[in-house]
Amino acid sequence: MKNLRGQCRHCGGRFDFRGDLIGSTSPCPHCGQDTEMMLETPKIESGVPKRLLAVSLLAIVILGVGLAASMLALKRARSMVRKANSSSDVTAKPQGPVKTSVIAFVIQTNDFYLSAAALQKPAGAPLPLATGVLSNGLSRPRLGVQVSFDVLNAAGQKVGTTMDSAARLEPLGSWQFQAPLLQTNAASVRFAGIREEKQP
Ligand SMILES: [Zn+2]
């Protein structure tokens, strides 16, 4: 029978024990107190749960795909406008500045993880949006979650604020927020804060 590496739950001392004794109780060779023959617990490498990290990465990938899709839709819409223009005399009004700029930042606060954000104007949307993914780092739901941003112009000056809210964020769940940008000179956003309803 193979020997296994265990750890005392009282003093943390390590010892080897026979594999067939797993789950039984014996005195610890270091401190003498009775301890269960259990495998030593692996060290947790960071405060961020692995599953949440995976979810966040997935969310970033999804966001990236979403951006690519909306840019593709935009390209298609533009070429349709060009075709329409070439076949008729209708003068196309120049559309507002429709740019997609990724303002990737990762913010960890109060067990929320803000994974990424971007400014984009999806085809058909009335206003440009600040989008991103907010993840709940807790294994309980979060209610009345509100994420807010300062809206900045090209010179980096604050020209307004914007926010989006979710009634409920599932345990370890992620939410893709979309905060509308009412300011025509919006060039970027800066994280301003996350609020949530107090739990009863
Ligand atoms: Zn011990």
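Everything quoted here is computed from the prediction, not taken from an experiment. (Residues numbered from 1 in each chain as written. Predicted model: local features only at pLDDT ≥ 70, side-chain atom pairs only at ≥ 80, totals over all residues.)

A. Fine view of the overall build of the protein chain. Along the protein chain, the regular secondary structure elements total one helix and 12 strands. Helices and strands appear in the protein chain in the N-to-C order β-β-β-β-α-β-β-β-β-β-β-β-β. With 200 residues in all, the protein chain has 19% of them scored as buried. Sequence-distant contacts in the protein chain: of pairs separated by 6 or more residues, those separated by 24 or more amount to 55%. (Helix = DSSP H or I, 4+ residues; strand = E, 2+ residues; numbered from the N terminus. Buried ≥ 20, exposed ≤ 12 C-beta atoms within 10 Å, placed from the backbone. Contact = placed C-beta atoms within 7 Å.)

B. Spatial organisation of the nonpolar core. If you look at the biggest cluster of nonpolar residues, it comprises 18 residues, and the most contacted ones within it are Ala130, Leu181 and Val189. Taken together, the elements giving at least two residues each to this core come down to strand S7 (112-120), strand S8 (129-136), strand S9 (142-152) and strand S11 (174-180). (Core = buried A, V, L, I, M, F, W, Y, C linked by C-beta atoms within 7 Å.)

C. Broad picture of the sheet that holds strand S10 (residues 158-169). Reading across the sheet, the three strands line up as S10-S9-S12 and stay open at both edges, with antiparallel pairing between neighbours. The sheet is open, and its two edges are formed by S10 and strand S12 (188-195), each paired on a single side. For this sheet, the mean angle separating the axes of adjacent strands, direction not counted, is 20°. Here S9 runs beside S10; their pairing, made up of 10 bridges, is antiparallel. Bridging across to S10, Val151 finds its partner in Gly160. (Pairing = 2+ DSSP bridges. Axes fitted to C-alpha atoms, helices over the stretch in contact; angles between N-to-C directions.)

D. Geometry of the confidence of the model for the protein chain. With 66% of its residues at a pLDDT of 70 or more, the protein chain has an overall mean of 76. The element-level mean pLDDT for the protein chain is lowest in helix H1 (residues 50-86), coming to 54, with S10 highest at 95. (pLDDT = per-residue confidence, 0-100.)

E. A look at unusual backbone geometry. The phi dihedral of Asp111 is positive, around 65°, even though this residue is not glycine. Within the secondary structure, Asp111 is located in the loop between strand S6 (107-109) and S7. Of note in the backbone geometry, Leu172 takes a positive phi value of approximately 55° without being a glycine. By the element assignment, Leu172 lies in the loop between S10 and S11.

F. Region of the structure containing the environment of Met163. For Met163, the location among the structural elements is in strand S10. In the structure, Met163 is positioned 30 residues away from Gly193 in sequence and 9.4 Å away in space, judged by C-alpha atoms. Excluding residues that lie within four positions of it along the chain, Met163 makes contacts with Gln146, Val147, Ser148 and Ala179.

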